[in-house]
Amino acid sequence: MSLSPASVLPRRLLMGAGLALAAPRLAQGQTRWQVASAYPEGNFHTRNLQAFLEQVTQDSEGRLQFRLHSDAALLGMTEIRRGVQTGQAQIGEILLSAYGQEDPLFELDAIPQLVAGFGQAERLAALARPLVEARFRRTGSTLLYTVPWPPSGIFSNVPVETVEALHGLRLRTYNAQTQRFATLVGATPLLVQAAELRHAFRTGLVDSMVTSAATGVDIAAWDFLRIFTQIGFSWTKNAVFLQTRALEALPEALRGIVLRAAAQAEKRGWELARGEHRGREAVLAEHGVQIRPATPALRQGLARVSEVMVAEWIAKAGPEGQKLIDTFRIG
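Residue numbering note: each chain is counted from 1, following its sequence as written. Selection of residues for local features in this predicted model requires a pLDDT of at least 70, selection of side-chain atom pairs for listing and counting requires 80 or more, and totals for whole chains, interfaces and linings are taken over all residues. With hydrogens and water stripped out, all remaining heavy atoms of the structure feed into the side-chain values.

Student: An account of the pairing of strand β8 (residues 208–211) is needed here, citing residue identities and associated values.
Tutor: Side chains S208 and V210 project from β8 onto one buried face, and the interleaved M209 and T211 project onto a second face that is buried too. Sheet topology places strand β5 (residues 153–156) next to β8; 3 bridges connect them, and they run antiparallel. What sits directly across from G153, in β8, is T211. Bridge count between strand β6 (residues 170–173) and β8: 2 bridges; the pairing is parallel. From the neighbouring strand, L171 faces β8, where its bridge partner is S208. Whether a residue is buried, partly exposed or exposed follows from its accessible area with a 1.4 Å probe, protein chains only, as a fraction of its type maximum: under 20%, in between, or over 50%, in that order. The secondary structure listing takes helices from DSSP runs of H or I that are at least 4 residues long and strands from runs of E that are at least 2 residues long, numbered from the N terminus. If DSSP finds at least two bridges between two strands, the strands pair.

Structure (structure tokens):
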């Protein structure tokens, strides 16, 4: 199936009645679920989510249908997890590390410079997966799949050749780990979610950001910023999850359809992330953004900051976190 930005669900799947706290029933044997995402329609995560929903609807012969609310139209990023628990939506997509205040495990993938490349990112995700699934189960949710963002870099209007160059910048952050990173390098951290980024730059609230090239394209970063420095900052992941009560209310055959489509969405999503890593930097360059590699001095400085943040994360995560890091590094 096509995954271009124009590949959206048929209109009949996106239109529907008002929200309900339980999965609303349509005709006999049909169910419509509300789906909440904080990302715009053209983003590759949203396209992957759309493809997942479309596949479930097709494989269920229309017995499961969906209304997708993208770009935080239904719930903001920090509201989605609770919204699924309470039934405002049955499926949600979140940046996992945005919920690090609930459990340090959720922000493991946001530690800068912990992994180098997609291969290591996949291995770390596989090691952490059983633990993440257990956290979701405790709050009445079922983890469906996770997909990484392309590695984050630094968008700025000044060259960033050392970590000292970040001192004094008003740096947009998106989770507790990027907040801490900004503090350690002497920048001023300002937490801004993706849906609010253009306004933040337009009003001068921020003048730089740590994020992926994909988000840079989403917000047309070239309107505000001239340089993207490739540092492979982190491979943060989005998690798509489902209210367990809604899943268990389905016949066994439909539950199987949902879970099989989720496994395919995870595989497809990792492939899309790799493509975004290559393609979105090219789009930035086409619009005049300078793509710069990290200097050796910058990499050395980032490595020092990373070790501080790994130690801090282990102190919060305890023996379970220490074992996870040790197992990952041994491999």
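Here the narrative resumes.
Student: Quick one: what's the story with the pattern of salt bridges, residue by residue and with numbers?
Tutor: A carboxyl oxygen of Asp or Glu within 4 Å of a side-chain nitrogen of Lys or Arg is what we treat as a salt bridge. Under the criterion given, the structure shown has 14 salt bridges. Its salt-bridge partner being R129, residue E266 comes within 2.9 Å of it at the nearest N-O pair. Pair noted here: E266 is in helix α9 (residues 252–286) and R129 is in helix α4 (residues 118–138), with a separation of 137 residues, a long-range link. Ionic contacts of the salt-bridge type, sharing partners, join the residues R47, E276 and R280 into one network.

Student: Break down the sheet that holds strand β4 (residues 141–148) for me, citing the residues and quoting the values.
Tutor: With mixed pairing, 5 strands are arranged side by side in an open sheet as β2-β1-β3-β10-β4. The open sheet is flanked by β2 (64–69) and β4, the only strands paired with a single partner. The sheet shows a mean angle of 20° between the axes of neighbouring strands, direction not considered. As paired elements, strand β1 (residues 31–37) and strand β3 (residues 91–95) share 3 bridges and run parallel to each other. Paired with V35 across the strands is I91, a residue of β3. In this analysis, two residues are considered to be in contact whenever any of their non-hydrogen atoms come within 4.5 Å of each other. An axis is simply a line fitted to the C-alpha atoms; with a helix, the fit covers only the stretch in contact. Between two such axes, the angle follows the N-to-C directions and lies from 0 to 180 degrees. Contacts between helix α3 (residues 77–86) and the sheet are confined to β1, β3, β4 and β10 (237–243), with β3 contributing the most and set at about 150° to the helix. Packing of α9 onto the sheet brings it into contact with β1, β2, β4 and β10, and relative to β4 it is tilted by some 20°.

Student: I'd like to hear about the nonpolar core, residue by residue, with values.
Tutor: The nonpolar core is taken to be a set of buried Ala, Val, Leu, Ile, Met, Phe, Trp, Tyr and Cys residues, with the residues joined through side-chain atoms within 4.5 Å. Membership of the largest hydrophobic core comes to 86 residues, with the highest contact counts inside it found for F52, F181 and V258. Beyond its immediate stretch of four places on either side in the chain, F181 contacts P112, L166, L171, V210, F233, L302, V305 and M309. In this structure, V192, A200, F201 and A213 belong to the second largest nonpolar core, which totals 16 residues.

Student: Hey, could you go over α3 for me, with residue numbers and the actual values?
Tutor: Residues of α3 that are buried include every one of M77, I80, R81, G83 and V84, and no others. For α3, the angular spread of buried residues about the axis comes to 165°, placing them on one side. The exposed residues of α3 that point more than 90 degrees off its buried face are T78 and R82. Once α3 finishes, G87 follows within two positions and takes phi at roughly 90°, a positive value. Taking the helix axis as origin, the arc is that swept by the directions to the C-beta atoms.

Student: Explain the side chain of T211 to me, and be specific about the residues and the numbers.
Tutor: In this structure, T211 sits in strand β8. Take T211: its relative accessible area is 5%, and that puts it in the buried class. A polar atom in the side chain of T211 sits 3.4 Å from the side chain of R172. Those residues within four positions of T211 in sequence are excluded, and the remaining contacts are S152, G153, F155, R172, Y174, G216 and F228. Counted as a polar contact is a pair of N or O atoms within 3.5 Å, where, for protein atoms, one must be capable of donating a hydrogen and the other of accepting one, and residues adjacent in sequence contribute only when both atoms are in side chains.

Student: Residue-level account of the packing of aromatic side chains, with values.
Tutor: Put simply, two rings from Phe, Tyr or Trp (the six-membered ring, in Trp's case) pair if the centres are within 6.5 Å, and we call them stacked under 30 degrees between planes, edge-to-face over 60, tilted for the rest. Under the defined criterion, the tally for this structure stands at 10 aromatic pairs. Measuring from ring centre to ring centre gives 5.9 Å for F118 and W235, while their planes differ by 85°; the resulting arrangement is edge-to-face. Placement of the pair is F118 in helix α4 and W235 in the loop between β9 (227–230) and β10, with a sequence separation of 117 residues. Take F118 and W235: they sit in the same class, and that class is buried. Arranged with centres 4.5 Å apart and planes meeting at 50°, the rings of F155 and F228 form a pair that is tilted. In this pair, F155 sits in strand β5 while F228 sits in strand β9, placing the two residues 73 residues apart along the sequence. The exposure class assigned to F155 is buried, which follows from its relative accessible area of 0%.

Student: Requested: an account of the sheet that holds β9, with residues and values cited.
Tutor: With mixed pairing, the 6 strands of this open sheet are ordered in space as β7-β6-β8-β5-β9-β11. Every other strand in the sheet has two partners, leaving β7 (188–191) and β11 (290–293) as the edge strands with one partner each. Recorded for the sheet is a direction-independent mean angle of 25° between the axes of neighbouring strands.

Student: Any details on the pairing of β3? Residues and values, ideally.
Tutor: Note on strand geometry: in a regular strand, side chains alternate between the two faces of the sheet. Judged by how many residues are buried, β3 sits mostly within the fold: 5 of 5 residues are covered. Going residue by residue along β3, you find I91, E93 and L95 tucked away on one face and G92 and I94 tucked away on the opposite face as well. Note: β3 against β10, 5 bridges, orientation antiparallel. Residue pairing in the sheet places L95 in a bridge with N238 of β10.

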